[in-house]
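Working through the structure, step by step
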Amino acid sequence: MPKLIISGTAHELAEELITIGRAPENAIVIDDPSVSSRHAQLELSGETYRLKDLESTNGTRVNGIPIMETVLRFDDRIRFGGVEARFEPDTRGSQPLPQPEKIEAKPAESSPSLARYLSILQTPLHSRAETASKTPLALSFLVSRALLYSLSSAA
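None of these values were measured; they are calculated from a predicted model.

Remarks on the confidence of the model for the protein chain
Scored by pLDDT, the protein chain has a mean of 81; 65% of the residues are at 70 or more. No element of the protein chain has a lower mean pLDDT than helix H2 (residues 125-132), which averages 56, and none a higher one than strand S3 (residues 17-21), which averages 97.

Quick word on the pattern of salt bridges
Taken as a whole, this structure holds 3 salt bridges when the rule is applied. A salt bridge links Glu-69 to Arg-50, with the nearest nitrogen and oxygen atoms 3.0 Å apart. In this pair, Glu-69 sits in strand S9 (residues 69-71) while Arg-50 sits in strand S6 (residues 48-53), placing the two residues 19 residues apart along the sequence. Put simply, Glu-88 and Arg-86 hold a salt bridge, and the shortest N to O gap is 2.5 Å.

Looking at the sheet that holds S6
Taken in spatial order, the 5 strands line up as S4-S3-S5-S6-S9 in an open sheet, and their pairing is mixed. Either end of the sheet is taken by a strand with one partner, and the two such strands are strand S4 (28-29) and S9. As paired strands, S3 and S4 are joined by 2 bridges and run parallel to one another. Bridging across to S4, Ile-20 finds its partner in Ile-28.

Here we look at a nonpolar patch on the surface
A grouping of Leu-147, Leu-148 and Leu-151 is seen on the molecular surface, where their side chains present a nonpolar patch of about 320 Å² in accessible area. With respect to the element layout, Leu-147 can be found in helix H3 (residues 136-154).

Re the environment of Met-1
Inspection of the secondary structure assignment puts Met-1 in the segment before strand S1 (3-6). Here Met-1 falls in the partly exposed class, since its relative accessible area comes to 35%. Considered as a pair, Met-1 and Asp-90 are 89 residues apart in the sequence and their alpha carbons are 4.9 Å apart.

Here's the deal with the environment of Asn-63
Here Asn-63 is to be found in the loop between strand S7 (60-62) and strand S8 (65-67). Note on Asn-63: relative accessible area 43%, which makes it partly exposed. When the C-alpha atoms of Asn-63 and Asp-75 are compared, they prove to be 9.4 Å apart, with 12 residues separating the residues in sequence. In contact with Asn-63, not counting residues within four places along its chain, are Asp-75, Asp-76 and Arg-77. Within the structure, Asn-63 has its side chain in polar contact with the side chain of Asp-76 (distance 2.8 Å).

So, how was this worked out
- Residues numbered from 1 in each chain as written.
- Predicted model: local features only at pLDDT ≥ 70, side-chain atom pairs only at ≥ 80, totals over all residues.
- Heavy atoms only, no water.
- pLDDT = per-residue confidence, 0-100.
- Helix = DSSP H or I, 4+ residues; strand = E, 2+ residues; numbered from the N terminus.
- Salt bridge = Lys/Arg side-chain N within 4 Å of Asp/Glu carboxyl O.
- Pairing = 2+ DSSP bridges.
- Patch = residues over 30% accessible without salt bridge, like charges linked within 9 Å, V, L, I, M, F, W, Y side chains within 5 Å.
- Areas by Shrake-Rupley, 256 points an atom, 1.4 Å probe, with all protein chains shown as cover.
- Buried < 20%, exposed > 50% of the residue type's maximum accessible area, 1.4 Å probe, protein only.
- Contact = heavy atoms within 4.5 Å.
- Polar contact = N/O pair within 3.5 Å; in protein donor to acceptor, adjacent residues only side chain to side chain.

Following this line, the structure appears as structure tokens:
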């Protein structure tokens, strides 16, 4: 069952209609002068809740945006007047993540492409043209070097 966390206190949301405000008749009472007597309400809508501001004095915000009514999503940050809250999923029924599968990975240094690229860098510039015809990577390297050279010469 989802929860509304207000000032560190978790309120389980079990009813279809939940009123929030400063007055004692609300399902969730927030004792703060910035919160109206009947500030907002949560209404169950399918699998989640709709939050509706009840024309409160200081307004209701979700993720920093003032709202009159909106569907809540898990981890939404809600502000009732000056009081912060968070809408959270039920974590009791959560299953632990499966163990990650071991994958054999080669270090980048042993990659044939990297080795080829490094060997191209170490060859003299005049012999790179011959090498470029054998490897697309080398060709792209030479083209980019020529473009940089032409741009730096023009400046």
